Structures are given as C-alpha cells and as structure tokens.
Amino acid sequence: MPVDIDIAHVARLARLALDDSELEIYRRQLSQILEHAAKVQSVATDDTAPTAHPLGLTNSFRSDVVQPSLDRDEVLSQAPESQDGYFVVPPALEVDG
Amino acid sequence: MSLADLTIVEAGRRLEAGEITSVDLTEAVLERATMTEAQLHCYLTIDRDGALESAAASDERRSQGRALGPLDGIPVALKDNMCTRGVETTAASQILAGWVPPYDAHVVERLREAGAVLVGKTNLDEFAMGSSTENSAYGPTRNPWDTDRVPGGSSGGSAAAVAAGSALGSLGSDTGGSIRQPAALCGVVGVKPTYGRVSRYGLIAFASSLDQIGPLARSVDDARLLLETIWGHDPRDATSYPGEYPSLAAALDRGVGGMRIGVVEEFGGEGYEKAVEAAVSATIERLAGAGAEIVEVSIPTAQVALSAYYLIAPAEASANLARFDGVRYGNRVPGDTTEEMMARTRAAGFGPEVKRRILLGTYALSAGYYDAFYGKAQQVRTRLIQEFRAAYETADVLISPTSPTVAFELGARVDDPLSMYLSDVCTLPVNLTGDPAISVPVGTDDAGLPIGLQVMAPALGEEQMFCVAAEVERLAAFDARPPLGDAS
Amino acid sequence: MSWEPVIGIETHVELKTDSKMFCGCAVGFGEEPNTNVCPVCLGLPGALPVTNQRAIEWITAIGLALDCQISSTSVFHRKNYFYADLPKNYQISQYDIPVCHDGHLDVDVDGETIRVGIERAHMEEDTGKSRHVGGGGRIHQAEATLLDFNRSGVPLVEIVSRPDIHSAAQARAYAQELRAVVAELGVSDARMEEGSIRFDANVSVRPAGSSELGTKVEIKNMNSFRSLERAIDFEITRQIAALERGEKLVQETRHWDEESGVTHTMRVKEGSSDYRYFTEPDLPPLVLDEDWVERIAATLPELPSARRARYAAAGLDPQIASVLSSAEPELRQLYEDAVAAGADPKAAANWVTGDVTAGLRRLGRAVEEAFLSGEVIADLVKMVTDGKISSSAAKEVLAGVMEGEGTPAEVAEKRDLLQISDSSELEGLIASVLEQNPDAVERYRSGEAKVIGFLVGQVMKTSGGKADPKLVNELLRRNLES
C-alpha cells in the first residue's frame, strides 16, 4: 500500500519544529515503516473487538480522599521559568477553542 | 572472584552469615564500575555516596538483627526511566537533562523498603525507544562480551551492568522486548512479568498498554527475588493487577516432568542465526530428556505482530511524550510564542528515533488514517491474544529464541530503522498480549557471544514460567563470563 | 424573510468532590497558585491517573436527573492537543461512549414548557488557568502567560444539549434550569461567576420552516445568565443581518465581550479538529451495572421540576412556585415546615417568598438566626385568617419576630397590633357611631348602600384603627338591617 504523508502537517500536530530536509527524511522513513505496518490489513478482523487493555480490568477506582500535594518551591525549582508562584511561558498565539 | 560477581542469593547468604558486609559488597561493585565505565558506559548517574550510605545503614540494621529480607544490602541498578526522588532522571533524553523528580517510582519505594542499595541510573535508548542503547542522548552502552557490539536495548545499561558486575541485579522496562533482548545479548536473565503485575507508577511511559517493569539478574533465582520484591498491587496504577501474587520459590525446583512445552513454529527460519537456532534446539532436546512433552504450536498472527506493534506503541508514545514541552520541567528552547517555544524545545530535545516514532504515532492516530492503522492494529492485537490462548490449550509454556541474532555491531542498524525493529520480532508479541516471558542464557556462538532462550507463559502464569526457566538454566549450565568481568 | 434561530448549549460543570478527578490533590477555589498540585495533575513524567469514584457516582446522578441512559460500559479517551495550561498536552475525556447519553430536560419559558434533548454527558478533567500579563510587571519586560495548575484535574462534566433551543430566552431558561438541577444534586457549586458552571452556545439561523441547519458559530465567555442571553441575541441579530446582506457565514468560535456587548472572532488553535482521540490505556473501562445505577438513583433528591409540579398541585401560583422552587433550601424547608404546622400552602408560600426573603436579605441573617420556624409562619397566617391582626400589621409582627422580640402573638401584643375582634366590644363602638351619625343611617336605610363605607371608617377611627374591618362591616349591616 503506497503511503502518502503530509509530513509538515503531522509535524505541526506533534509540535516538532523541523526544517525541510528533516521533514523529507522523516517522510521517507515513515512511508517505509508504514508500508510494513500496513501488513496489519492482511489479517481478517471482522467481528474482532479492538484490545486497548491487555488485562481486562474494570473500574479501578480510588476513594475521594485528599492526599498531600507537592511543595511548590520544589516543583517550581524544576521549571524553566517561574515568577510569583506561577510557571511562565511566552504568550499564546492561539486560544483554546 | 570479586564480590561484584556474586549472585544475589549467594551475596545474601554471606551477608546473613556475617562473612561480608554490604559496604564490602557495594565497594566491590563501585570499584568494578570505576574500572569498566569508561569503556562500557552502563550508567548515566552513579550515586556513590548514596549507595555507600545505604550500605552502611544496611550493615547497621543487620548488626542489630533488624535486616529487612533477602535484598537488604544488595547493590542494584535502575534503568534511568524510573523516577528517583532527588536523583536526576533523564530517560536518556536531552529534553530531561538535569531533571530531578520530586517523587520515587513505586518500584523504587519497594526496593528502598527492602533495604536494597541503589547504585545508580543505567543507560537506555532515549525514552526506551530502541533495541541497541545507541539511541541514548548521552552516548551508547557497549556489550561487556565484545565492546564493538551493542548490549541490546532499550535496557542495555541495566543488562550490561549486571553482566559486567557493576550491579548484582537491576530493573529494566520492557515494551517490546527491552528487558529480554538485552538480557539475551548480555548473557543474563531478564523477565517481563504479566502486564499489571508491577506498578508503572513513576516509570516514564513509552507505550502505556505495553510497558512493564521487570528484573535483570545473573540467575533465575535472583530474578525471582527481585520480582517478588517489586510486584504487587499498587492503587496508584489503575492497571495494576489486584488479585493474588503467588510465592514463586517452590516452582524453581519442581522440574518439567509431564509439562507440555510448545515450540512456536513462526519464530525461526529466515533472519535467524544458525547458532541461535542450534542453541534453542539443543535446549529443547534436553527439556524432552528431562521429562517435558514437546509440542509444535502455530501462532500465524505473530508474523504481523511487528506491524501492529509499530502502530500501537508509537501512537501511545506520541501522546505520552506530548508532556515534554518546556513548560513545567526539563529544558526549554526560547520562542516568541508558546507554540514556537514548544515546537523548538521538542525538536531540539528529542533525538531522531523519538521524533520518528512521535511522527509515526501522530500520523497513525490522525483523522482519516485511524481505522486503517491504529484501529486495525488493536483488532490484530485481539487476534493475537486469541491465538496465544488457543496455543496454551495444548502447551503449558511456549519457547523460542529471545532474539534472532546475537549482539550486533555498533552502528550496524542505526540507519535502517526497520532492521532494528526486527530485533524484537520474538519478544514483542507478548507485550501485545500482556503475557509474561523470561529470557535465560543457554549458550554462546562460535565467537563466544551469548544466546538467550525465551520462555513465555499465559497471563498470570509466572509460576510455570519460572519452573521451566529454572530447568532451562540447570540444563544449559551456562557459566561463561564476559572477559571484562573477570577482574579479580 | 423570517428566520429561526437554532441553538445548542454545551455546559461544563466542575464537580465539588474533595479531591481531583485522577489524583488526591484538594479541589479548591481562590488558593495560592500551584499549591494543589502533584505529579499526576502537573503531568510529571511517570505519573498515572486513577479515577475518583465519587465523580463517577455524581455524573451518574446528573445523567439520571436528566433522564439519560447510563452506559453499562464506557471508556476514557485521550484528547490530544497542545496548550500550555494542559499539563499532559492531552485531556483525559470521553469520546464515543460517554457515561450518559440520550436524555432531556423540561424547561418552563413564559408559561410554556419546552423539552430540550440531552445528547450526552461525559466525564473529563479541567485544565489549569492561564493569565496573560503585559510587559510591565515582568522580569524580561515582555508579554507572558502565567500558569496556575490548581484547577488542573478538577472533575468536569460536559453536558451537550441537542439543538432544540430557538431563542435567547429559551437558552437562558435552559441554562438556569440545568444550573438548578446541578445545584439541587449538590454535586457542584454551580457558580457562573467563579466558572464552576460554564455555558458555551452553538448558534445558527435558518429560514423559518427550513429543516436544514445553517452555519454554526460557537460563542464563549459568557459569565452570567444575562450575558448568555445578550450574547445569543447579539449573535442571532448579527447572523441574520449578515445573511440578509447576502454574506456567507463562517463556522468559527466567537468571544463575547461583556463591555462592548458584541461577539468577535477568536483565533483558534491549529488543528483543533484533529484531536487524535484514542482509548486511554492508563484507565480500565468503567462498568456501571444495574446495581450501580439503582444505588445512585436511590440517592437522588426531589428535582426542581418535580417540586414545581408539587407546589402547583398545592395551589401555588406558577410564578410563586417557580420562585420558591429555586429559593435557598432553608427557605424551601421553612415553607414545608409551615405547611406541616397547618398553614395554608398559598399563604405560607407568599410569606416565604415575599417578606421573609426580603427581611432575611435586609438583616443578612439565616432563617434560624432570624428566629423563624414553620410554627412562626403558621401562627402568622392563622392570626391573619382569624382576624386577630390585619395583613399590614402582620408584616410588622413578622419584622418584630425577626428582630427577636418573641412569638407572633407576643409581638402583636407588645406592639399593640391586635385587632378588636370581640363582637361585644365592637357593638358598643358601633352603637355610639350610629347614634352620632343619624343622617348616614337614614341614607343607608333609604337604599344608599355605599354609605356603609363611611360608617366602617368612623368605627375604625373610634377604635384607633384596631377594629377588625371585616367584622365591623358585618356587625354594622346586622345593626342597620334589624
């Protein structure tokens, strides 16, 4: 199965800033891997449910009980930038729609 | 022989008998590391002071008759994708360079509670993505048996450290063979338990529905000890198995008389080295001689398991690795907007294999391709589970080579992702099914490179798996040592 | 041409569980930034989510209150998009199998009941909060976004209505009714101004009579019911005007600006349509069997619509029934207690929704702090019916009770508000008034009936306003006609 990939779009979705030559390398590699991966289509799977969880557990709840939170200074000590108890990032170009 | 070359069981016996101290043992291991690290690079971080402190504390406990159990005072290593409070954890990625977790992974807590001495954090393929440990942002680990060759991966550092004597045992993580394949290539024992047996809390996720933590050790019994220490239900992992956890020790001495051992037809032939197939055949014959019934089984879907795996694992990984964005921790590459900062941070912070898999997974999940790729792969997964289940109607365990080849040379497969992926062809099916499997060294090829045999069992069937693994170990009587390790 | 608006509402309800959806951090409001955070809700490497059972119980309750089907098996999905306030850069949400689906909510609008379909209600986690700051207050003198993850991981229920709403007023009524239901269930603070309940509207218009849907616009950022109604009205007008000018509408998200009273285009994140949903591998499926559903159903309180129906059956005006139904629970209880103590429901409801509510608000007190009880209201009602006090005096009695002056009887006594309702005492006053006004008596007897008003007035005046006017009227007639 020939695989046509809009690699620039995929890189944008994945938030990876790649230049044109990198994009071309990944496009070629992905096509090759996907061609191999497309072998899954040779297996007849009508009426076969997908498996997302191998062990088949259900629910696995926790009770609504408050546990201690982390120390803020310890958390913010790992942040690339912080100020007044907040994490800081450059302004967003787009809003969350 | 250096204390660093003892098995955990033997070291434990000597500690208990008062013949040695944990400080002796830890110093021997650290000394071995000092001697070998420049060449092997098993570790990303060695916590010398922390290890000696734990060892002294262990000796103090023991002197007061308060030893914590068979792992008290035993130096072990952790793959660097398990969070350790206060000790840098990088998953061998540039994006996490310098990150110090504010919490311990569940398995780290369990090891600390058992009194184990944590020597350090071992090297891996970045985010556990790879089969050679060449994808580490901090340079590759080399195979102690031949330093021109890879140790396998992704838990290459953990496997090489145990083989070289810079730890008595270690923990790795296995998503498609990442414990078993390096164990085979380094001549040690490696276990992937049933999915859900060992809590993933604090394991930096690669593919959540496939990842499982397990031990690497110099003997089946050592691996059992480590496994029994780290497994058990953990309420912080919703996929943690809440049922019974049997004691495994008795199973090791049971023998294989009357057991049905299935040989999987699909794991052999083209691409498999002759020495590997010969070693496996010899073991099968010995098992028959020991009273096992050998049966042939077929798992046709195993042949497309690799394809399914390379859709499911990258898809999950693409989401799991989205959190590395330069906002809350790790490294940041500046940008004028959030979007630009994130995209630059990720492009600079991830290595090529990680980027490749993120792109692959993102593509496989994206609108218009989901059904053909990811959705289909999940159905194939169901088929595979059904076929394994059917195979276990006629066999109690299944065996196969762990890896089609012995350790390959550094650089041999880095430019050909697909050939690298083929290293996992025997190991990854049970990650898809969730079943347990173990790799046991059974011999060497003409060049003296180790060969591993894989024993697979149905989900939660660790008892029968260890029973057969122990027999394989006895029959193979593998006692070769890597040249580097023989320093005493 | 006449146009028909078609509106659907997406509602996000923050649950007020003690701990967050997938971790043990406290759910709070207005606390110091980044103090209620842990590896899970900060998306630290290696952290794993575990589902809060109470949140699943509460979404089940919401579903049952909205007459939804509860899925016997439902699954969590990862919704993938990058945003700085979303720590994992995916949101744990639900996709094709939500916990609740196919329900409805009946809403009263202008004396008419409309039924709004509920397509689904699903469980998800909230994001953190981001705040934009300008160059001035910051180290690098550049614009920046500050991030607080206290809200990250708070349980959120998204309720999606069907496009069954056709005016801004209906939309407002739906939102208010839904808020009342959620508040009644006690599962959320449901405060719009604090964002614990948030309404987004999908608005389109089409030629009246058409069955096709027009281009849909999503509007956001309405923080009161009034702004919800205003924003929708604005949007309907804008869309109709554009269509009548022959313009084409674009499907987009628009932001309501409260101050200028207009909506404007938002720049929406790239690729938002491609969320790459897939099953959350870290969370096993939810299995909510019949026992589970029955157990939750047994805990449901009386819902506002049922209560309104019950009030109406007791004879309350629809308007009063509606006000009382959405009143504070302690006020509703006061009404119930008064009726239980023998008060006429209608009179009790009028008191509770009228002078009692106003008085409490003035005093800034709770029912008990204002010495009120079902007996007090019942006594008050009875004193008026029995003619012991006038309606206007009753208001003063109530005020006295609420100031702590005693029981209604004691207050009436102390403030000298009791009416003279003793016939023998009144007979004397009447006799003297008749004696002093022979003209009026003559005119009445000759058929000028309305003159009785003058005579009643004279008796009231003589009594110092304390006579029971009804009784006076009755006794006067008897005297004049004998």
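Residues numbered from 1 in each chain as written. Chains lettered and ligands numbered in written order. Predicted model: local features only at pLDDT ≥ 70, side-chain atom pairs only at ≥ 80, totals over all residues.

A. Highlighting the overall build of chain B. Looking only at helices and strands, one finds 15 helices and 11 strands in chain B. Taking 2.2 N^0.38 as the reference for a compact globule, 488 residues should give roughly 23 Å; the C-alpha atoms of chain B span a radius of gyration of 21 Å, in line with that estimate. Along the first, second and third principal axes, the C-alpha set of chain B runs to 65 × 55 × 45 Å. Put simply, 76% of the contacts in chain B that link residues at least 6 apart link residues at least 24 apart. (Helix = DSSP H or I, 4+ residues; strand = E, 2+ residues; numbered from the N terminus. Rg over C-alpha atoms; globule rule 2.2 N^0.38 Å. Contact = placed C-beta atoms within 7 Å.)

B. The overall build of chain A, seen in detail. In terms of regular secondary structure, chain A is built from three helices and three strands. Put simply, chain A runs from its N terminus to its C terminus through helices and strands in the order α-α-β-α-β-β. Taken against the 2.2 N^0.38 rule, which gives 13 Å for 97 residues, the C-alpha radius of gyration of chain A at 22 Å runs more than 25% over that of a compact globule. When the 97 residues of chain A are sorted by exposure, 31% land in the buried category. (Buried ≥ 20, exposed ≤ 12 C-beta atoms within 10 Å, placed from the backbone.)

C. The packing of helix α2 (residues 22–40) of chain B against helix α3 (residues 48–63) of chain B, seen in detail. All names here are of chain B. Put simply, α2 and α3 touch, their axes get as near as 8 Å, and they point 160° apart. Classified by the angle their axes make, α2 and α3 are roughly antiparallel. Regarding α2 and α3, the two cross each other, and that crossing is right-handed. On α3, the residues touching Ser-22, Val-23, Thr-26 and Leu-30 of α2 are Arg-48, Ala-51, Leu-52, Ala-55, Ala-56, Ser-58 and Asp-59. (Axes fitted to C-alpha atoms, helices over the stretch in contact; angles between N-to-C directions. Parallel < 35°, antiparallel > 145°, perpendicular 65-115°, else oblique. Left-handed = near helix turned anticlockwise from the far one by under 90°.)

D. Layout of the nonpolar core. One finds B:Leu311, B:Val455 and C:Ile62 to be the most contacted residues of the largest nonpolar core, which totals 273 residues. Contact partners of C:Ile62, with chain neighbours within four places excluded, come to C:Cys100, C:Ala121, C:Val157, C:Val182, C:Leu185 and C:Val187. Formed by 36 residues, the second largest nonpolar core is a distinct cluster that contains C:Tyr335, C:Val356, C:Val397 and C:Val401. (Core = buried A, V, L, I, M, F, W, Y, C linked by C-beta atoms within 7 Å.)

E. Quick peek at the interface of chain A and chain C. Each side of the interface is counted separately: chain A has 34 residues, and chain C has 46 residues. Where the side of chain A that touches chain C is concerned, the elements lending two or more residues are α1 (7–13), β1 (61–62), α3 (72–76) and β3 (86–89) of chain A. With four residues, the top contributor of residues to the side of chain A that touches chain C is β3(A). Counted by class, the side of chain A that touches chain C contains 17 nonpolar, 10 polar and seven charged residues. Where β1(A) lies against strand β2 (residues 51–52) of chain C, two bridges are found, and the strand directions are parallel. Each residue of the ladder has a partner; that of A:Phe61, found in β2(C), is C:Thr51. (Nonpolar A, V, L, I, M, F, W, Y, C, P; charged D, E, K, R; others polar. Pairing = 2+ DSSP bridges.)

F. Summary view of the interface of chain A and chain B. Contact with chain A, which involves 46 residues of that partner, is made by 58 residues of chain B. For the side of chain A that touches chain B, the elements supplying multiple residues, two or more each, are α1, α2 (20–37), α3 and β3 of chain A. When residues of the side of chain A that touches chain B are assigned to their parent elements, the largest contribution, seven residues, is made by α2(A). Here the side of chain A that touches chain B is composed, by residue class, of 30 nonpolar, 11 polar and five charged.

G. Spatial organisation of the sheet that holds strand β4 (residues 169–174) of chain B. Residues and elements named next belong to chain B. Judged by pairing direction, the sheet is mixed, and its 11 strands sit side by side in the order β1-β3-β2-β4-β6-β5-β10-β11-β9-β7-β8 without closing on themselves. Strands with a single pairing partner mark the edges of an open sheet, and in this sheet they are β1 (43–46) and β8 (293–297). Within the sheet, the average angular offset between the axes of one strand and its neighbour, ignoring direction, is 30°. Against the sheet, helix α7 (residues 220–230) makes contact with β4, β5 (189–192), β6 (212–217) and β10 (437–444), and its axis sits at roughly 145° relative to β6, the strand it touches most.

H. The sheet that holds strand β12 (residues 197–207) of chain C, seen in detail. All names here are of chain C. Here nine strands make up an open sheet; going across it, the order is β3-β7-β8-β11-β1-β12-β13-β14-β15 and the pairing mixed. Sheet topology places β3 (69–70) and β15 (262–265) at the edges, where each strand pairs with a single neighbour. Across the sheet, helix α2 (residues 168–185) lies against β1 (3–14), β7 (100–109), β8 (112–125), β11 (155–161) and β12, angled at about 115° from β7, the strand it touches most.

I. Representation of the environment of B:Asp336 within the structure. As for its position among the elements, B:Asp336 is in the loop between α9 (302–320) and α10 (338–349). Along the sequence, B:Asp336 and B:Leu410 sit 74 residues apart, while their C-alpha atoms lie 40 Å from each other.

J. Just the environment of B:Glu316, in detail. Relative to the assigned elements, B:Glu316 resides in helix α9. Given 29 C-beta atoms within 10 Å, B:Glu316 falls into the buried group. Aside from chain neighbours lying at most four places away, what touches B:Glu316 is B:Ala207, B:Ser208, B:Ser209, B:Gly361 and C:Pro281.

K. Just the pairing of strand β14 (residues 252–257) of chain C, in detail. Residue and element names in this part refer to chain C. Pairing of strand β13 (residues 217–222) with β14, which is carried by four bridges, proceeds in the parallel orientation. Directly across from Glu-218, in β14, lies its bridge partner Thr-253. Regarding topology, helix α3 (residues 225–244) serves as the crossover connection from β13 to the parallel β14, and that connection is left-handed. Sheet analysis places β14 next to β15, joined by four bridges and oriented antiparallel. Each bridged residue has a counterpart across the sheet, and for Arg-254 the counterpart in β15 is Thr-265. In this structure, the hairpin formed by β14 and β15 is closed by a connection of four residues, where Gly-261 is found at a positive phi of approximately 70°. (Right-handed = clockwise from strand over helix to strand, strands pointing away.)

L. The arrangement of helix α5 (residues 156–164) of chain B in detail. In terms of burial, α5(B) is a largely internal element, nine of the nine residues being buried. Of all the positions in α5(B), only B:Gly156, B:Gly157, B:Ser158, B:Ala159, B:Ala160, B:Ala161, B:Val162, B:Ala163 and B:Ala164 are classed as buried.

M. Seen up close, unusual backbone geometry. Omega for the bond connecting B:Gly153 with B:Ser154 falls within 30 degrees of zero, at 10°, which places this linkage in the cis form. Position of B:Ser154 relative to the elements: it lies in the loop between β3 (117–122) and α5. Positive phi outside glycine occurs at C:Ala190, with the angle close to 50°. With respect to the helices and strands, the residue C:Ala190 is situated in the loop between α2 and β12. The exposure class of C:Ala190 is buried, given the 21 C-beta atoms found within 10 Å.

N. Spotlight on helix α8 (residues 345–363) of chain C. All names here are of chain C. Its 19 residues place the ends of α8 25 Å apart at the C-alpha level, agreeing with the 27 Å of an ideal helix rising 1.5 Å per residue. Maximal helix bending in α8 amounts to about 35°, located at Val-356. Within α8, the full set of buried residues consists of Pro-345, Ala-348, Ala-349, Trp-351, Val-352, Thr-353, Val-356 and Leu-360. Against the buried residues of α8 lie α6 (318–325), α7 (329–340) and α9 (374–385). (Expected span 1.5 Å × (residues − 1). Bend = angle between axes of the 7 residues up to and from the residue.)

O. Seen up close, the packing of α9(B) against helix α11 (residues 352–365) of chain B. Residues and elements named next belong to chain B. Viewed as axis vectors pointing N to C, α9 and α11 meet at an angle of 100°, and their least axial separation amounts to 7 Å. With respect to their mutual orientation, α9 and α11 come out roughly perpendicular. Between α9 and α11, the contacting residues are Leu-311, Pro-314, Ala-315, Glu-316, Ala-317 and Ser-318 on the first element and Arg-357, Ile-358, Leu-360, Gly-361, Thr-362, Ala-364 and Leu-365 on the second.

P. Spotlight on the environment of C:Glu235. All names here are of chain C. Residue placement: Glu-235 occurs in helix α3. We classify Glu-235 as buried; it has 24 C-beta atoms within 10 Å. Spatially, the C-alpha atom of Glu-235 lies 9.7 Å from that of Pro-5, the residues being 230 residues apart in sequence. The contacts of Glu-235, once residues within four sequence positions are left out, are Val-203, Val-217, Ile-219 and Thr-263.

Q. Up close: the confidence of the model for chain B. Per-chain confidence: chain B averages 96 in pLDDT, with 99% of residues scoring 70 or above. Both confidence scores are given for the complex: pTM 0.91, ipTM 0.96. (pLDDT = per-residue confidence, 0-100.)

R. Examining the pairing of strand β10 (residues 144–148) of chain C more closely. Of all five residues making up β10(C), five are buried, and the element is well covered by its neighbours. Of the two faces of β10(C), the one lined by C:Ala144, C:Leu146 and C:Asp148 and the one lined by C:Thr145 and C:Leu147 are each fully buried. Relative to β10(C), β3(A) is paired through three bridges, and the arrangement is antiparallel. Considered in β10(C), the bridge of A:Phe87 is made with C:Leu147. Pairing of strand β9 (residues 129–133) of chain C with β10(C) involves five bridges; the strand directions are antiparallel. Within β10(C), the position partnered with C:Lys129 by the bridge is C:Asp148.

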